[in-house]
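Fold and contact review
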Amino acid sequence: MLIITKIMQSQSIGNFAEVFNYLQNQIDGAYNIAILNGKGDFAAYRDKHGFRPLCYGVQDNILFVASEDSALRPFTANIHPVQPGEMLTVSGDNPVVEREQIQNPEPAHCYLEWAYFANVATTIDAIPVYLTRVKLGRGLADIEDQKLDNDCVVIAIPESARAAGKGFSDKLNLPVSEGIIKNIYSGRTFIEPPGTRSQKIEEKYLIIPEAIDGKRIFIVDDSLIRASTLKFLIQSLKKQASPREIHLRIAAPPVFAPCYYGIDIPTPKELFAPQFMEQLLSGQLPQDILEKMAQYFDVDSIRFLPVESMPKAIGIDTGKLCMACITGKYPTPAGTKNYSNTKNP
């Protein structure tokens, strides 16, 4: 708020619309902004690319604003998405929500919101996260090349891969096993610093050997970014159980490029995929690369969802999604420049 106040003073800007318009022209990146001033005036703005979700609801003259509608449902059923480049305002003197489009939308929605980050009960821009993840799993099943038998079971990494696991298992008519369960007292390891991540991974999952022993297990995960969690999990699984085969199935393409739009993926060196590939090819990865990746995890095979299947599952045109971390194509000039600098330091 202090920065915005200084901008209003230095630029002789008198209202929220002018502030957000000025910021949008100055800032290259992803953001949602909510402001409440001393007069009781409130404003919220979603950047013109709509990288991150934003929605609002009204109940009994109370305005609720959140990134995901699942956070608002306990309070109101009257929920609407804020469009990219749109501002909401409520005056302290008049509790009426006003909407104003102050920048032309240039959508570049982050695909990972649907694939991994958002709560599975959330609907983003009228597209349900749960149904999208089911479709991702079905898309993964479409490329399955293993011969299936009665010993095959599907194990989804809890919790965010459960919907993809359902889509995968339903399409292939395979049973789902609860061979891996989440320790409810642990948090997400993705956001932990490297020094503490391995300890958190040890605490995160519990293995049920009785559901795994002697089975050909297809482990479905929602994404593969650093791979530290998955590698340790497979090592732990092999120590505690005796599966006949392990096949990894990732319901997203491999991440090989950094994110400059709010996700903690700062350099390619921290990622799993760049060890094996310089860029993502359309369709399935070459067999020799897949075999090397499988060897890294000490599993029988690994497969990824093709990049062209992602927008199809979400239901948004490729040109309106940000898939920079899986394509290397960034929707803003700063992203393109930063990525170029990582390749040519």
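As a starting point, this report considers the structure included with it. This one's a predicted model, so the numbers in the text were calculated from it and none came from an experiment.

Moving on, we come to the pairing of strand S4 (residues 62–66). As judged from the five bridges shared by strand S3 (residues 55–59) and S4, these two strands associate in the antiparallel manner. Residue pairing for S4: Gln59 is matched across the bridge by Ile62.

Read across the open sheet, the three strands follow the order S4-S3-S5; overall the sheet is antiparallel. Each edge of the sheet is formed by a strand with only one pairing partner; in this case those strands are S4 and strand S5 (79–81). In this sheet, neighbouring strand axes are inclined to one another by 25° on average, regardless of whether the strands run parallel or antiparallel.

Before going further, it helps to spend a moment on helix H8 (residues 287–297). For H8, the full list of buried residues reads Ile289, Leu290, Met293, Ala294 and Phe297. In an axial view of H8, the angular spread of the buried residues amounts to 135°, which keeps them on one side of the axis. The inward-facing, buried residues of H8 contact helix H7 (228–240), strand S15 (245–250) and strand S16 (301–304). Once H8 finishes, Asp298 follows within two positions and takes phi at roughly 60°, a positive value.

This part is about the nonpolar core. If you look at the biggest cluster of nonpolar residues, it comprises 82 residues, and the most contacted ones within it are Tyr111, Leu224, Phe297, Ile302, Phe304 and Met310. Looking at which element gives the most residues to this core, the answer is helix H3 (residues 111–117), with six residues. Sequence-distant contacts of Leu224, defined by excluding residues within four places in its chain, comprise Leu230, Ile250, Val255, Phe272, Phe297, Ile302 and Phe304. Membership of the second largest hydrophobic core comes to 12 residues, among which are Val19, Phe20, Leu23 and Ile35.

The sheet built from four strands is open, its strands ordered S11-S14-S15-S16 with parallel pairing. Of all strands in the sheet, those bounded by a partner on one side alone are strand S11 (152–156) and S16. With direction set aside, neighbouring strand axes in the sheet form an average angle of 20°. As paired strands, S11 and strand S14 (residues 216–221) are joined by five bridges and run parallel to one another. The residue of S14 that forms the bridge with Ile155 is Ile219. Each of S11, S14 and S15 touches helix H5 (residues 162–172); the most contacted strand, S11, lies at about 160° to it. Sheet strands in contact with H7 are S14 and S15, and its direction is about 160° off that of S15.

Together, Val120, Tyr130 and Leu131 give the surface a local cluster of nonpolar side chains, amounting to about 250 Å² of exposed area. Assessed through its relative accessible area of 34%, Tyr130 is described here as partly exposed.

Okay, the pattern of salt bridges next. Here the structure, examined in full by the defined rule, presents 17 salt bridges. Of the charged contacts in the structure, one is a salt bridge between Arg249 and Glu144, with a shortest N-O distance of 2.6 Å. With Arg249 in strand S15 and Glu144 in the loop between helix H4 (129–142) and S11, this residue pair connects regions lying 105 residues apart in the sequence. For the pair Arg249 and Glu144, a shared accessibility class is recorded, and that class is buried. Across the pair Asp298 and Lys238 runs a salt bridge whose closest N-O atoms are separated by 2.9 Å. Highlighted residues: Asp298 in the loop between H8 and S16 and Lys238 in helix H7, separated in sequence by 60 residues. A residue is classified by how much of its surface remains accessible, and Asp298, at 48% relative accessible area, is partly exposed. According to the relative accessible area criterion, Lys238 is partly exposed, its value standing at 36%. Members of the salt-bridge network, linked through shared partners, are Asp149, Asp151, Arg216, Arg244 and Glu245.

With respect to the helices, strands and loops of the structure, Leu36 is situated in strand S1 (residues 32–36). Remark: the alpha-carbon pair of Leu36 and Ser91, spanning 55 residues in sequence, is separated by 9.9 Å. Excluding residues within four positions of it along the chain, Leu36 makes contact with Asp41 and Phe42.

Residue class for Glu144 comes out buried when judged on its relative accessible area of 16%. Once residues lying within four places of it in the same chain are set aside, the contact partners of Glu144 are Phe168, Leu172, Phe218 and Arg249. Among the polar contacts listed, one links the side chain of Glu144 to the backbone nitrogen of Gln146, at a separation of 3.0 Å. Looking at Glu144, its side chain comes within polar contact range of the side chain of Arg249, at 2.6 Å.

Rules used in this analysis
- Residues numbered from 1 in each chain as written.
- Predicted model: local features only at pLDDT ≥ 70, side-chain atom pairs only at ≥ 80, totals over all residues.
- Heavy atoms only, no water.
- Pairing = 2+ DSSP bridges.
- Helix = DSSP H or I, 4+ residues; strand = E, 2+ residues; numbered from the N terminus.
- Axes fitted to C-alpha atoms, helices over the stretch in contact; angles between N-to-C directions.
- Buried < 20%, exposed > 50% of the residue type's maximum accessible area, 1.4 Å probe, protein only.
- Arc of directions from axis to C-beta.
- Contact = heavy atoms within 4.5 Å.
- Core = buried A, V, L, I, M, F, W, Y, C linked by side-chain atoms within 4.5 Å.
- Patch = residues over 30% accessible without salt bridge, like charges linked within 9 Å, V, L, I, M, F, W, Y side chains within 5 Å.
- Areas by Shrake-Rupley, 256 points an atom, 1.4 Å probe, with all protein chains shown as cover.
- Salt bridge = Lys/Arg side-chain N within 4 Å of Asp/Glu carboxyl O.
- Polar contact = N/O pair within 3.5 Å; in protein donor to acceptor, adjacent residues only side chain to side chain.

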